[in-house]
Amino acid sequence: MKPITPTILGLALLAAIVVFIGATGKKVPVLSNVRVDIILLVIIGMAMCTQGGIGRVAATGQWSHPLSIIGYLLGGTILLTTVAVFVGWKLPFIQSDQQALIVIAILAGLKVLNAVTHYLLSRA
C-alpha cells in the first residue's frame, strides 16, 4: 500500500486550501471561522492517515517500528493542539487559533513526510 495515492493528493490539496483560507483570514462561506478550519483540517488529516498512514502500518503489522511511533506522537500532538483550541488550554508558542491551525498543518506535513520515509525504507 503506497502512502501517496491520487486520493491522498486530492485530500492534501483540499487541506492546503483550508489552511490558506484560515491562515490568511479570507472570507469564504463556512470556512471564515478558524475553528471550523481546524476541524476540517483534522478530519482531512485523519482521512489521509487511514489511506497511507495507520492503515498501511496495520496492513504490514509494523506497530512498533520507530517511524510508526513517530507517526503516533505527531498524530497525538495534532490532537492535543486541537483539543487545546476548543477547551481553552494555553500551549507554549501558540497564542491564537490561527497559529494553532498553522502548527497543525506543519505537524500534518511532518506526518506525511514520516509516512513516505517509512514506505521508502520498507521497500529497501
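The structure this text deals with has already been given above.
Here is a short report on the structure shown in this document.

### Section: the side chain of aspartate 37
Inspection of the secondary structure puts aspartate 37 in helix α2 (residues 34-52). Put simply, aspartate 37 is tucked away with no salt bridge, and the nearest opposite charge, on lysine 27, sits 9.4 Å away.

### Some thoughts on α2
Counted at 1.5 Å a residue, the expected span for α2 with its 19 residues is 27 Å, and the 27 Å between its end C-alpha atoms agrees. Burial in α2 covers these residues: Val34, Asp37, Ile38, Leu41, Val42, Ile44, Met48, Cys49 and Gly52. Seen end-on, α2 carries its buried residues on one side only, within an arc spanning 170 degrees. Its side-chain oxygen placed 2.8 Å from the backbone nitrogen of arginine 35, asparagine 33 serves as the N-cap of α2.

### Digging into the side chain of threonine 81
Positionally, threonine 81 belongs in helix α4 (residues 66-87). The exposure class of threonine 81 is buried, given its relative accessible area of 3%. Here threonine 81 is in contact with Leu91, Ile94, Ala100, Val103, Ile104 and Leu107, once residues within four sequence places are set aside.

### Some thoughts on helix α5 (residues 97-123)
For α5, spanning 27 residues, the distance from its first C-alpha to its last is 39 Å, which sits close to the expected 39 Å at 1.5 Å a residue. Among all positions of α5, only Ala100, Leu101, Ile104, Leu107, Asn114, Ala115, His118 and Tyr119 are buried. Where α5 is buried, its residues touch α1 (6-24), α2, α3 (54-60) and α4.

The rules behind these values
Residues numbered from 1 in each chain as written. Predicted model: local features only at pLDDT ≥ 70, side-chain atom pairs only at ≥ 80, totals over all residues. Heavy atoms only, no water. Helix = DSSP H or I, 4+ residues; strand = E, 2+ residues; numbered from the N terminus. Buried < 20%, exposed > 50% of the residue type's maximum accessible area, 1.4 Å probe, protein only. Lys, Arg positive; Asp, Glu negative; His and termini not counted. Salt bridge = Lys/Arg side-chain N within 4 Å of Asp/Glu carboxyl O. Expected span 1.5 Å × (residues − 1). Arc of directions from axis to C-beta. Polar contact = N/O pair within 3.5 Å; in protein donor to acceptor, adjacent residues only side chain to side chain. Contact = heavy atoms within 4.5 Å.

Read these as layout, nothing more, since geometry by itself doesn't imply function.
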